[in-house]
Amino acid sequence: MDFRLTPEQEARKKEFYQVCGDLNKKKPPQYIGIESKNDNDECWEFHRHCAREFGKRGWLSLGWPAEHGGSGDMMDKVLFSEAVGYYGVPGVDEFGVAMLAPTLLAAGSEEIKKEFLPGIAKGETMWCELWSEPNAGSDLAALTTTAIRKGDEFILNGQKTWNTGAHRADWAFGVYKSDPQAKKHQNLTFLLCDMKSPGVTVKGIPYIDGAHIYNEVYLDDVKVPAKYIVGKEGGGWAVVNVLAGFERSNIGLVYLLLRGMEQLVEYCNNTKRNGVLLSQDPIIRNRIAEMACGLEAVRTLAYRIADQQNRQEMGLMDAASVKIFASELMEKMSHVATDILGPYGQAAHSKYAKMGGVWESIYQACFVPIVSMGTNEIQRNIIAWYGLGLPRMK
Ligand SMILES: Cc1cc2nc3c(=O)[nH]c(=O)nc-3n(C[C@H](O)[C@H](O)[C@H](O)COP(=O)(O)OP(=O)(O)OC[C@H]3O[C@@H](n4cnc5c(N)ncnc54)[C@H](O)[C@@H]3O)c2cc1C
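Residues numbered from 1 in each chain as written. Predicted model: local features only at pLDDT ≥ 70, side-chain atom pairs only at ≥ 80, totals over all residues. Heavy atoms only, no water.

Draft legend 1. Structural context of the overall build of the protein chain. Within the protein chain, the secondary structure is distributed over 13 helices and ten strands. Against the 2.2 N^0.38 benchmark of 21 Å for 394 residues, the protein chain shows a C-alpha radius of gyration of 21 Å, consistent with a compact globule. Seen along its three principal axes, the alpha-carbon backbone of the protein chain occupies a region of about 75 × 50 × 45 Å. Counting over 394 residues, the protein chain shows a buried share of 53%. For the protein chain, the accessible area works out to roughly 18500 Å², and carbon and sulfur atoms hold 52% of it. One finds the centroid of the 44 positive side-chain charges in the protein chain at a distance of 2 Å from the centroid of its 48 negative side-chain charges. (Helix = DSSP H or I, 4+ residues; strand = E, 2+ residues; numbered from the N terminus. Rg over C-alpha atoms; globule rule 2.2 N^0.38 Å. Buried < 20%, exposed > 50% of the residue type's maximum accessible area, 1.4 Å probe, protein only. Areas by Shrake-Rupley, 256 points an atom, 1.4 Å probe, with all protein chains shown as cover. Lys, Arg positive; Asp, Glu negative; His and termini not counted. Charge placed at Lys NZ, Arg CZ, Asp CG, Glu CD.)

Draft legend 2. The arrangement of the side chain of D76 in detail. The residue D76 is located in helix α4 (residues 74-87) in this model. Judged by its relative accessible area of 2%, D76 falls in the buried class. Among the polar contacts listed, one links the side chain of D76 to the side chain of R12, at a separation of 2.8 Å. (Polar contact = N/O pair within 3.5 Å; in protein donor to acceptor, adjacent residues only side chain to side chain.)

Draft legend 3. Structural context of the site of the ligand. Residues in contact with the ligand amount to 19 residues; listed here are only the nearest, S132, S138, W162, T375 and E377. In this structure, E129 approaches the ligand through a main-chain N or O atom, which is 3.0 Å from a nitrogen atom. Separating an oxygen atom of the ligand from a side-chain N or O atom of E377 is a distance of 2.6 Å. Burial of the ligand by the surrounding chains reaches 67%, relative to a free accessible area of 970 Å². Counting residues per element, the shell around the ligand draws most heavily on helix α13 (residues 376-387), at three residues. Counted by class, the shell around the ligand contains eight nonpolar, nine polar and two charged residues. Summarising the domain contributions, the shell around the ligand has at least three residues from each of domain 2 (129-239) and domain 3 (248-387). (Near = heavy atom within 4 Å. Nonpolar A, V, L, I, M, F, W, Y, C, P; charged D, E, K, R; others polar. Domains from an automatic or database assignment.)

Note that all results are geometric; they support no functional claim without further evidence.
As structure tokens, this is what we get:
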């Protein structure tokens, strides 16, 4: 692919950075990382405000086909995600905008697209993902929560877990066992569910830093109209695979790290330890240079994915590669950065926090993308099977 931007793309990029930079100045003081929105009411309101700002500019539907209000160019979406990631502003619902919308465009009925895409595009409807269960994570198809059809409705029963932002979300997309007699992978149905439906109970799972981000969701005789099916009844596994590709190919993380690195460089250029600037320390220089190389590599992988998406050629292996690379880079970078900051690296909500506590927050969160969206071991399996043609282990 050609990595140069056209003059029109350069102009749009400038506008994305301008608006995100302005929103960045309005962040509430409690807002440290992207997950602050789920933990704190003020941060959530700020998330909604940013979403509306983006929505009214049509930026939440970039990359969508023109008939649904998009530009049709995935590169626009990438450039916008870069600006959002760079300033670490919220406003892009990772579940609705980044995952469900492209899935509905690929696999949803016209009726469902008409009902749900406008709310996502305007930044009004927020979503969560109800996939994992206490005994079904990597082996998602082993899930046991049921969706049994009765006339024009499905009745949901069971428990989901680790559901990010489920306590804030308006709607959930989920996958359920709809035919207990059918073979594994052929018995699943993908459904959209109103989180205000009677029978939905959400309980928080406190994160290691005490924040309320993740949840367990209990479903007791929850009624979902059959029109809210995505794909075919019993064909949910195919929809899961479509969505998983979008879930794993997000570039915002790369730019969050890029900005973190720039701030770290500035810190090292202005901070002395034992009378010597940190930026004069050969070990520190070396480790930051390694960060920069990693970021450049993952940025290139993410651009490649956008190019493939434009041509409808994105493979599971490509999405898996960028997911592994970006998440493991985040982990390495958070360790290096907090090492460089020394004891200050442990301060977040404190007057001693450096760079607004962003590296402490990234450190606390760095294992999340490694485990969620399918663990990196599973991604490596995907690369082995679908990318390299290696056999499955017996
Ligand atoms: C912070 C966080 C947020 C999350 N958010 C959501 C969400 O919003 N919605 C949602 O539905 N889920 C969410 N999840 C769940 C996530 O998708 C699962 O945790 C993940 O798929 C792993 O499943 P598990 O936790 O059951 O681990 P397990 O599947 O039990 O795996 C345990 C370990 O065994 C390894 N392993 C398992 N099978 C294999 C294999 N075949 N080959 C090699 N290694 C293997 C795994 O890599 C892992 O290291 C989230 C998880 C976390 C931690």
